[in-house]
Amino acid sequence: MSDLLANLNAEQLAAVTLPDEPALILAGAGSGKTRVLTTRIAWLIQNGRVSPAGILAVTFTNKAAKEMQTRLSSMLPINTRGMWIGTFHGLCNRMLRAHFRDAGLPQTFAILDSQDQLSALKRLLKSLNVDDEKYPAKNLQYFINNAKEQGLRPADVEANDDFNKRFVDLYAAYDLQCQREGVVDFAELLLRCYELLRYNDAIRQHYQHRFRHVLVDEFQDTNVLQYQWLKLLAGYGTQNPAAVFAVGDDDQSIYAFRGANVGNMRDFEHEFRVRRLIKLEQNYRSHGHILDSANHLISHNARRLGKNLRTDAGHGEPVRVFQGGSDGQEAAWIIEEIRDQIAQGASRAEIAILYRSNAQSRVIEHALFSAGIAYRVYGGLRFFERAEIKHALAYMQLLENPRNDAAFGRVVNFPARGIGARSLEVLQDMARQYDCALAEAVAYVPGAAGSKLAAFTRLIEKTREDTRRMTLAETVEYVINHSGLITHYQGEKEGQDRIENLQELVTAAQAFVVEEGYGLEALAAVIPVDRSPAAPALADGDQAQQVLDPEALPVVMTPLVAFLTHASLEAGDNQAQAGQDAVQMMTVHAAKGLEFDVVFITGMEEGLFPHENSMMDPDGVEEERRLMYVAITRARKRLYMSFAQSRMLHGQTRYHVRSRFFEELPEASLKWLTPPAQGYGGVRRQERDSAWGRDWFRKPEDVPYTGTRPTGGMDNGNGYADAKREAGTGFRVGQSVFHNKFGEGVITALEGEGTDARANINFKRNGAKWLALSVAKLDAID
DNA sequence: TGTCCTACCCTTTTT
DNA sequence: GGGTAGGACA
């Protein structure tokens, strides 16, 4: 047909060229998922099956959306900018901006990120005099987001006790506050858009008619609301539904904790009566031993749609396993191996160190730093999340919407203007009394406080006036200079970085205008912005008609609103010094979607990986196993796994047994670098170099070794029968004990000393428990 | 108003 | 152990 389809394997070809009907693509790790998704879109367009405007493709991250657009425009000579390719939140935002009246929102609504949401909740709790010990803002945030992700409004939440009823009331109060201030949180973007489609027949039908093909990436990560939204958009249950092309991998579902519902895959299969379930099982990434390990491990999960990866790459090297006496030794060993790899010509950027939780990075970072090996840690603060950037953005929010109390509160006294807590209290009282925004309540505050506040509102008004005819970048520059932010940071010891960031914001604004096509012509065409408070939902149909054409969108949003939206929806890169040849460090979660020649999976211990919080229930363990599966499948050529007998955690030394997942890996694919290797044909490290003699590692005769590898179960999992004895307790990890009440069990972890000493014991009949050794009556049975 | 100190938290995270 | 949020104090 065309060279679009060249070089696709049979499975990929089948997926790409499916007829217009619901399809589920089970795309294994490294099987060319993105390629299939983008080629499918290109193929549909090229064959005239649908116009670019008839396609909606949705992803979870901006990165994935961008990747899709880039690849697509390299395949077809089309402008992908106007296409509906984006994240769930991005696309919902787009619809809400187009139909702001029908959605009951002000045109310039601001988007709260999680931080903003939390401070809005704290503000709410304070204003209502709620006991924040009993109702912590964090819990309320979780409660609200959880409800919204299930599609539930306060009235829909079932509260069966007073405690929960209070939460529901606070949820309702929070929604009112948001509505009054013209702000929308992340979950609200989705829920509001869902309701818009659900309750507005004209708009729903318009989009159902328009989108003939709906493509979904990472389907296993969708939550309940996202799936409902997709069903509505795709016209599920109507005469003429869109063809939904869902791509996902149930084995890589690792986001249950934030609402992802793997069950959506099965539901989709049944509800849409999917006749085409295509499995992409050919892996183009990893060598055989690595894939065998992944397949073997994941086969221990019970509920799977079922899939087995294969490769033509050959067995390659076995997976190397190392046991360290401590986390420090583990780190030192990693340094040695990395040095070897670099000496053999490996690029640092092709080496990744993965860990289950962020806290683990510290020890390894320290070792890398001391060794002078360049490294890069993923995660942490992103550009638009920095305090100084949020301050500057708050000023800009106020230019668009003075009723945004969150923005007002953030900068009214930053930099300091002599408006103290007392003055703000008065202001808040006035706002409550006159039921108005903080900015409007300024007029009612008497005395010195009143005039200081008035000076602030005048500053905002003057800024709004002065920047009216300015470009976006000029506006940003004006704001950071005239707000006093720059001056403030000049007087601070560590202010230089912050000033540079603020200047970077000007650059970012410039780049944004170019990238998004907000040229001068577009600026001239901007229609007057409606700054009136939110209109009631379901306004007359005129507006809906007027903006049904999404191509009209760029002129609906001013560059400033667009930029602020961009800042909320796309918090920016969190990878410092990108581009440098540095070893990559990240959590396993953060590694999803990436691949490296050499991968270290560290901290493979019971309690860490699987994490202790997930060990209790079977679903939790299955998710941890999928997480391990993701970790393993990141490696192309060489995979290392390591664990340590002792580790500093939360300021205490803890002793862990090695992860149960070792018992689920194929022996033939493992090469033990430390004593348990005996009997598996592994070459002991000692024979490769003289590392045994180094001070960071105990001499072989110091390492007690039983000579047998434990067979299944968690008991004695470290392979060292009398490995580590906690001073004074008389107990050790791996020891079998008897308790009068709980019966027989095995110690899986020890921590603390003296009277604080406690043990985690996995009881045969009663499950895992933490017991204080000074209290519990335990008898060793050996 | 800014700084210092203490209490408290601690899995994973995108939007 | 280490980061941070919020309160006490100069």
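Residues numbered from 1 in each chain as written. Chains lettered and ligands numbered in written order. Predicted model: local features only at pLDDT ≥ 70, side-chain atom pairs only at ≥ 80, totals over all residues. Heavy atoms only, no water.

- Looking at an unreviewed UniProt entry, chain A carries the name DNA 3'-5' helicase, with the source organism given as Cupriavidus necator.

### Digging into the packing of helix H22 (residues 495–515) against helix H26 (residues 559–569)
Phase 1: Across the interface, H22 lies against H26 with an axial gap of 11 Å and an inter-helix angle of 115 degrees. When the interaxial angle is binned, H22 and H26 end up roughly perpendicular. Remark: the crossing between H22 and H26 carries right-handed chirality. Each of Leu505, Ala508, Ala509 and Phe512 in H22 lies in contact with H26, whose residues at this interface are Pro559, Ala562, Phe563 and His566. (Axes fitted to C-alpha atoms, helices over the stretch in contact; angles between N-to-C directions. Helix = DSSP H or I, 4+ residues; strand = E, 2+ residues; numbered from the N terminus. Parallel < 35°, antiparallel > 145°, perpendicular 65-115°, else oblique. Left-handed = near helix turned anticlockwise from the far one by under 90°. Contact = heavy atoms within 4.5 Å.)

### Some points on the packing of aromatic side chains
Phase 1: This structure, assessed with the given rule, holds 28 aromatic pairs.
Phase 2: When the ring of Tyr135 is compared with that of Phe167, the centres are 5.5 Å apart and the planes differ by 80 degrees; the resulting orientation is edge-to-face. Residue Tyr135 is located in the loop between helix H5 (114–127) and helix H6 (137–149), and its partner Phe167 is located in helix H7 (residues 162–181); the two are separated by 32 residues in the primary sequence. As far as burial versus exposure is concerned, Tyr135 and Phe167 are alike and both buried.
Phase 3: An aromatic cluster is built from Phe219, Tyr227, Tyr236, Phe268 and Phe272, whose rings are joined through pairwise contacts.
Phase 4: The ring of Phe109 carries Arg97 above its face, with NZ or CZ at 3.6 Å from the centroid.
Phase 5: A cation sits over an aromatic face here: Arg166 above Tyr135, 5.5 Å from the ring centre. (Phe/Tyr/Trp six-rings, centres within 6.5 Å; stacked < 30°, edge-to-face > 60°. Buried < 20%, exposed > 50% of the residue type's maximum accessible area, 1.4 Å probe, protein only. Lys NZ or Arg CZ within 6 Å of the ring centre and 35° of its normal.)

### Describing the sheet that holds strand E7 (residues 243–248)
Phase 1: Across the sheet, six strands lie side by side as E3-E2-E6-E7-E1-E8; this open sheet has parallel pairing. Looking along the sheet, the strands with just one partner apiece sit at the ends: strand E3 (84–87) and strand E8 (276–280). Across the sheet, the axes of successive neighbouring strands diverge by a mean angle of 15 degrees, strand direction being ignored.
Phase 2: Of the pairings in the sheet, the one linking strand E1 (residues 23–27) to E7 comprises four bridges and is parallel in character. Pairing of Ala23 across the sheet is with Phe245, part of E7. (Pairing = 2+ DSSP bridges.)

### Details of the protein's contact with DNA strand B
Phase 1: Residues in contact with DNA strand B amount to 26 residues; listed here are only the nearest, Asn62, Ser114, Arg356, Asn358 and Thr587.
Phase 2: Expressed as a percentage, the sugar and phosphate content of the atoms of DNA strand B within 4 Å of the protein is 54%.
Phase 3: Gly418 places a main-chain nitrogen or oxygen 3.0 Å from a phosphate oxygen of DNA strand B.
Phase 4: At 3.5 Å from a sugar or linking oxygen of DNA strand B is found a main-chain nitrogen or oxygen belonging to Leu569.
Phase 5: When its residues are assigned to classes, the surface near DNA strand B shows seven nonpolar, 16 polar and three charged. (Near = heavy atom within 4 Å. Polar contact = N/O pair within 3.5 Å; in protein donor to acceptor, adjacent residues only side chain to side chain. Nonpolar A, V, L, I, M, F, W, Y, C, P; charged D, E, K, R; others polar.)

### Concerning a negative patch on the surface
Phase 1: On the surface, Glu492, Glu494, Asp497 and Glu500 cluster together into a negatively charged patch.
Phase 2: Within the secondary structure, Asp497 sits in helix H22.
Phase 3: Taking the relative accessible area as the measure of exposure, Asp497 reaches 53% and is therefore exposed. (Patch = residues over 30% accessible without salt bridge, like charges linked within 9 Å, V, L, I, M, F, W, Y side chains within 5 Å. Areas by Shrake-Rupley, 256 points an atom, 1.4 Å probe, with all protein chains shown as cover. Salt bridge = Lys/Arg side-chain N within 4 Å of Asp/Glu carboxyl O. Lys, Arg positive; Asp, Glu negative; His and termini not counted. Charge placed at Lys NZ, Arg CZ, Asp CG, Glu CD.)

### A closer look at the protein's contact with DNA strand C
Phase 1: Close to DNA strand C lie Lys122, Arg362, Met648, His650 and Gly651.
Phase 2: Protein-proximal atoms of DNA strand C, defined as those within 4 Å of the protein, fall in sugar or phosphate at a share of 47%.
Phase 3: Interatomic distance of 3.1 Å between a side-chain N/O atom of Lys122 and a phosphate oxygen of DNA strand C.
Phase 4: Its residues assigned to classes, the surface near DNA strand C shows one nonpolar, two polar and two charged.

### As for the environment of Pro136
Phase 1: The topology assignment puts Pro136 in the loop between H5 and H6.
Phase 2: For the pair Pro136 and Leu125, spaced 11 residues apart in the sequence, the C-alpha separation amounts to 8.7 Å.

### A few points about the pairing of strand E9 (residues 319–326)
Successive residues of a regular strand alternate their side chains across the two faces of the sheet.
Phase 1: Summarising burial for E9: eight of the eight residues are buried, a large majority.
Phase 2: Of the pairings in the sheet, the one linking E9 to strand E16 (residues 670–672) comprises three bridges and is parallel in character. Looking at the pairing, Val321 lines up with Trp672 of E16.

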